[in-house]
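Now for the letters of each chain:
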Amino acid sequence: MSETEKGTAESENLRIGRQIRDLRKAKKITLTTMAEKIDRSVGYVSQVERGVSALPIPVLQKICEVLGVQISWFFHADNEAPMDELNYIVRNDARRSLNFSGTGIREELLSPRLSDQIQMILTTFAPQAGSTESRERKGEEAGFIQSGMLELGVGEKRFLLQAGDSFSLTGEEPHWVRNPSDDQECVVVWTIVGGGY
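Here we summarise the structure given alongside this text.

Our focus in this paragraph is the pattern of salt bridges. Following the criterion strictly, the structure yields seven salt bridges and no others. Across the pair R21 and D22 runs a salt bridge, and its minimum N-O distance is 3.5 Å. The exposure class assigned to R21 is partly exposed, which follows from its relative accessible area of 27%. D22 gets classed as partly exposed once you look at its relative accessible area, which sits at 46%. Its salt-bridge partner being E151, residue R178 comes within 2.6 Å of it at the nearest N-O pair. In this pair, R178 is assigned in strand β9 (residues 175-178) and E151 in strand β6 (residues 149-154), connecting sequence segments 27 residues apart. Exposure remark for R178: the relative accessible area of 19% places this residue in the buried category.

With that settled, the discussion passes to the packing of aromatic side chains. Aromatic ring pairs are reported here in terms of the distance separating the ring centres and the angle at which the planes meet. Evaluation of the coordinates by the stated rule reveals one aromatic pair. When the ring centre of Y44 is taken as origin, the NZ or CZ atom of R40, which lies over that ring, is 5.6 Å away.

On to the sheet that holds β6. Across the sheet, three strands lie side by side as β7-β6-β9; this open sheet has antiparallel pairing. Every interior strand has two partners, whereas the edge strands, β7 (157-162) and β9, have only one. Here the average twist between neighbouring strands, direction ignored, is 20°. Bridge analysis of β6 against β9 gives four bridges, and the strand direction is antiparallel. If you follow L152 over to β9, its bridge partner there is V177.

So, on to the environment of V177. Mapped onto the secondary structure, V177 falls in strand β9. Owing to a relative accessible area of 6%, V177 belongs among the buried residues under this scheme. The sequence separation of V177 and F159 amounts to 18 residues, and the corresponding C-alpha distance is 9.6 Å. Non-local contacts of V177, meaning those with residues more than four positions away in its chain, are made with F125, G130, S131, R135, L150, E151, L152 and W190.

Bringing the environment of G148 into the picture now. With respect to the helices and strands, G148 occurs in the loop between β5 (141-147) and β6. Once you skip the residues sitting within four places of it in the chain, G148 turns out to touch L161, Q162, A163, Q184, E185 and C186.

As a further point, take the packing of helix α2 (residues 31-38) against helix α4 (residues 57-67). At a minimum axis distance of 9 Å, the contact between α2 and α4 shows a crossing angle of 125°. When the interaxial angle is binned, α2 and α4 end up oblique. In the crossing of α2 with α4, the sense of the turn from one axis to the other is right-handed. The segment α2 lies against α4, with M34, K37 and I38 engaging V59, K62, I63, V66 and L67. For the contact of α2 with α4, a count of residues per class yields six nonpolar, no polar and two charged.

Where α2 meets helix α3 (residues 42-49), the closest approach of the two axes is 8 Å, and the angle between their N-to-C directions is 105°. It follows that α2 is roughly perpendicular to α3 by the angle criterion. Note on element contacts: α3 touches α2 through V42, V45, S46 and E49, opposite L31, T32, M34, A35 and I38. Taken together, the residues that form the contact of α2 with α3 break down as six nonpolar, two polar and one charged.

In this section: the side chain of T123. As for its position among the elements, T123 is in strand β4 (residues 118-125). At 3.1 Å, the side chain of T123 and the side chain of W190 are in polar contact. When residues no more than four places from it in sequence are discounted, the contact partners of T123 are I105, R106, E107, C186, V187, V188 and W190.

About the criteria used
Residues numbered from 1 in each chain as written. Predicted model: local features only at pLDDT ≥ 70, side-chain atom pairs only at ≥ 80, totals over all residues. Heavy atoms only, no water. Salt bridge = Lys/Arg side-chain N within 4 Å of Asp/Glu carboxyl O. Buried < 20%, exposed > 50% of the residue type's maximum accessible area, 1.4 Å probe, protein only. Helix = DSSP H or I, 4+ residues; strand = E, 2+ residues; numbered from the N terminus. Phe/Tyr/Trp six-rings, centres within 6.5 Å; stacked < 30°, edge-to-face > 60°. Lys NZ or Arg CZ within 6 Å of the ring centre and 35° of its normal. Pairing = 2+ DSSP bridges. Axes fitted to C-alpha atoms, helices over the stretch in contact; angles between N-to-C directions. Contact = heavy atoms within 4.5 Å. Parallel < 35°, antiparallel > 145°, perpendicular 65-115°, else oblique. Left-handed = near helix turned anticlockwise from the far one by under 90°. Nonpolar A, V, L, I, M, F, W, Y, C, P; charged D, E, K, R; others polar. Polar contact = N/O pair within 3.5 Å; in protein donor to acceptor, adjacent residues only side chain to side chain.

Have a look at this one:
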């Protein structure tokens, strides 16, 4: 990771951590309660809020459940879209993004609105990024492997997907995803139905 990428990741950690802290305080949830509900230590939650600790997707999902928001709430854009395109178009340089620093995962929102029933997400997994820790989303989702390889676990089953492959999940079974490659990124385009992100 270059110094520029490291600086960007640290800035992103701090931005997300502050949003978590502000929302937690606004909802009058204590650090202790948050830690208990996400099955982590108070120290870890404090470090996340200060932008010091890595925040894997399954942990952020648990935090979102406690806070009553979707992960997409944390996405932000570097550039603003022109007003006449705002609800229809997402330009490459105006995507809302979310870096999961320390995890090797970057997600970009391809949908123009967070409130839609269908959302599209572009996820880039660094080599070996991802987790075999199961997660569940409410609603259906599907993915298309744009490049690289993706290992997908659904229940007790494991699948190895290559560029050009696609998959669909009902949301009724826990699943996990990871990039098994030692030297190649994996890029996945997700479609999520029902505002489950």
